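Chain residues, written in single-letter form:
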Amino acid sequence: MPKPHPMPPMTATADGEWVRGDEVRRRLKLTTCELAHLRESGALPFQKNGNAFLYHLNDAGPDRS
């Protein structure tokens, strides 16, 4: 019997796609610390699933100018 994954695979929703923090960091070229600061300041909405933070692709694009 295969072991269950600790985190379900990324899933699409009716209004977009949810991705894990590592994917958001890669796409936005952020460090782990920068991503945490954006999350804590409320600049980047998220959903917590177990120990993982999920970010909605439509929301994952803070202005970094």
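In this text the structure is predicted, and so the values were computed from the model without any measurement.

Novice: Sorry, what's going on with the overall build of the protein here?
Specialist: A count of helical and extended segments in the protein gives 2 helices and 4 strands. If you list the helices and strands of the protein from N to C, you get β-β-α-α-β-β. Put simply, the protein has 65 residues, and 28% of those count as buried. Of the contacts formed within the protein by residues at least 6 apart in sequence, a portion of 53% connects residues at least 24 apart. Split by element, the accessible area of the protein, about 4900 Å² in all, is 54% carbon and sulfur.

Novice: Would you mind showing me how to read the side chain of E23 here?
Specialist: Counting through the fold element by element, E23 comes out in helix α1 (residues 21-28). Within the structure, the side chain of E23 is placed 2.6 Å from the side chain of R26, a separation counted as a polar contact.

Novice: How should the side chain of R39 be read in this particular structure?
Specialist: Structurally, the position occupied by R39 is in helix α2 (residues 32-41). E40 provides the closest opposite charge to the buried, unpaired R39, separated from it by 4.8 Å. Once residues lying within four places of it in the same chain are set aside, the contact partners of R39 are L44, F46, F53 and Y55.

Novice: Just checking my understanding: could you explain unusual backbone geometry for this structure?
Specialist: Excluding glycine, residues mostly carry a negative phi; peptide bonds, for their part, are mostly trans. With a phi angle near 55 degrees, K29 is a residue other than glycine that sits in the positive phi range. Topologically, K29 is positioned in the loop between α1 and α2.

Novice: Please explain the environment of V24 as it appears in this structure.
Specialist: Structurally, V24 can be placed in helix α1. C-alpha separation for the pair V24 and L57, spaced 33 residues apart in sequence, amounts to 8.2 Å.

Novice: Is there a simple way to think about the confidence of the model for the protein in this case?
Specialist: As a general rule, the predicted coordinates of low-pLDDT regions are not to be interpreted in detail. With 65% of its residues at a pLDDT of 70 or more, the protein has an overall mean of 76. The least confident element of the protein, judged by mean pLDDT, is strand β1 (residues 12-13) at 48; the most confident is α2 at 94. Counting interchain partners and residues more than four positions distant, the pLDDT-below-50 stretch residues 4-14 has 15 contacts.

The rules behind each value
Residues numbered from 1 in each chain as written. Predicted model: local features only at pLDDT ≥ 70, side-chain atom pairs only at ≥ 80, totals over all residues. Heavy atoms only, no water. Helix = DSSP H or I, 4+ residues; strand = E, 2+ residues; numbered from the N terminus. Buried < 20%, exposed > 50% of the residue type's maximum accessible area, 1.4 Å probe, protein only. Contact = heavy atoms within 4.5 Å. Areas by Shrake-Rupley, 256 points an atom, 1.4 Å probe, with all protein chains shown as cover. Polar contact = N/O pair within 3.5 Å; in protein donor to acceptor, adjacent residues only side chain to side chain. Lys, Arg positive; Asp, Glu negative; His and termini not counted. Salt bridge = Lys/Arg side-chain N within 4 Å of Asp/Glu carboxyl O. pLDDT = per-residue confidence, 0-100.

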